[in-house]
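Single-letter residue listing:
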Amino acid sequence: MTRIARSPDCGNSPKNQKVEEIALALMGVGELPDDTLAEGASWDRFGAGVTGRLAIRAARGQTPDHEWIEISEVVSHGKAGTVSGRLQRAGESPRIFCHVIRFTSASAKQIAQIVSFDHAG
């Protein structure tokens, strides 16, 4: 099971909590219901992008297991949110990560675009 550590100031709003839940789901911790994604949503990650609900679901199915995830910052404003921190996958050195999530509207009901990256840090 992945150990999750959070900064105490990350969950200070409902939108921040939602953004954090989405980021964790992208890393294989928790669910990301299909209807959370706009039909033409895109996910740019690790040098390859995918478009569409089914493609994003398939990409999530290939997410490697993490030993731990440490969330250091969650920020949301208007139609966007970001989650950043550190992670460690089995057999790898710790890495830093960031997920930028853009919603179709400020209500944050559906995701239009996700940009994710991680690198040695």
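Definitions and cut-offs
Residues numbered from 1 in each chain as written. Predicted model: local features only at pLDDT ≥ 70, side-chain atom pairs only at ≥ 80, totals over all residues. Heavy atoms only, no water. Phe/Tyr/Trp six-rings, centres within 6.5 Å; stacked < 30°, edge-to-face > 60°. Lys NZ or Arg CZ within 6 Å of the ring centre and 35° of its normal. Helix = DSSP H or I, 4+ residues; strand = E, 2+ residues; numbered from the N terminus. Expected span 1.5 Å × (residues − 1). Buried < 20%, exposed > 50% of the residue type's maximum accessible area, 1.4 Å probe, protein only. Salt bridge = Lys/Arg side-chain N within 4 Å of Asp/Glu carboxyl O. Contact = heavy atoms within 4.5 Å. pLDDT = per-residue confidence, 0-100. Pairing = 2+ DSSP bridges. Axes fitted to C-alpha atoms, helices over the stretch in contact; angles between N-to-C directions.

With that settled, consider the packing of aromatic side chains. A ring pair, where both rings are aromatic, is described by two values, the distance of the centres and the angle of the planes. Scanning all chains against the criterion turns up zero aromatic pairs. For the cation-ring pair, Arg 45 lies above Trp 43, with the distance from its terminal atom to the ring centre recorded as 4.6 Å.

A word on helix 1 (residues 14-26). A rise of 1.5 Å per residue sets the reference length of helix 1, with its 13 residues, at 18 Å; its end C-alpha atoms lie 19 Å apart and thus fit the reference within 8%. Buried within helix 1 we find Asn 16, Val 19, Glu 20, Ile 22, Ala 23, Leu 24, Ala 25 and Leu 26. Where helix 1 terminates, the next one or two residues include Gly 28, which has phi positive at roughly 90°.

Summed over all chains, the structure comprises six salt bridges. Note that Arg 89 and Glu 92 form a salt bridge whose closest N and O atoms lie 3.6 Å from each other. The class for Glu 92 is partly exposed, based on a relative accessible area of 35%. A salt bridge links Arg 95 to Asp 118; the shortest N-O distance between them is 2.6 Å.

Although it is not a glycine, Ala 108 sits at a positive phi angle of roughly 60°. Topologically, Ala 108 is positioned in the loop between strand 6 (95-103) and strand 7 (111-120). With relative accessibility at 2%, the residue Ala 108 sits in the buried group.

Here the focus is the side chain of Ser 42. Mapped onto the secondary structure, Ser 42 falls in strand 2 (residues 37-45). Among the residues examined, Ser 42 registers a relative accessible area of 16% and is labelled buried. Leave out the neighbours within four places in its chain, and Ser 42 touches Val 50, Thr 51, Ile 56, Ala 112, Gln 113 and Ile 114.

If pLDDT is low for a region, its predicted coordinates should not be looked at in detail. With 96% of its residues at a pLDDT of 70 or more, the protein chain shows a mean pLDDT of 91. When pLDDT is averaged over each helix and strand of the protein chain, the minimum, 79, is found for strand 1 (residues 3-6) and the maximum, 97, for strand 6.

Sheet strands line up and pair through hydrogen bonds in the backbone, either parallel or antiparallel. Sheet architecture is open: seven strands sit in the order 1-4-5-6-7-2-3, paired in mixed fashion. Strands with a single pairing partner mark the edges of an open sheet, and in this sheet they are strand 1 and strand 3 (48-51). Each adjacent strand pair in this sheet contributes to an overall mean axis angle of 20°, direction not counted. The pairing of strand 5 (residues 80-89) with strand 6 spans eight bridges and is classified as antiparallel. Along strand 6, the bridge assignment pairs Arg 86 with Ile 96. Here helix 1 sits on the sheet and contacts strand 1, strand 2, strand 4 (66-77), strand 5, strand 6 and strand 7; the angle it forms with strand 4, its principal contact strand, is near 145°. Lying on the sheet, helix 2 (residues 53-60) is in contact with strand 2 and strand 3; it crosses strand 2 at an angle near 40°.

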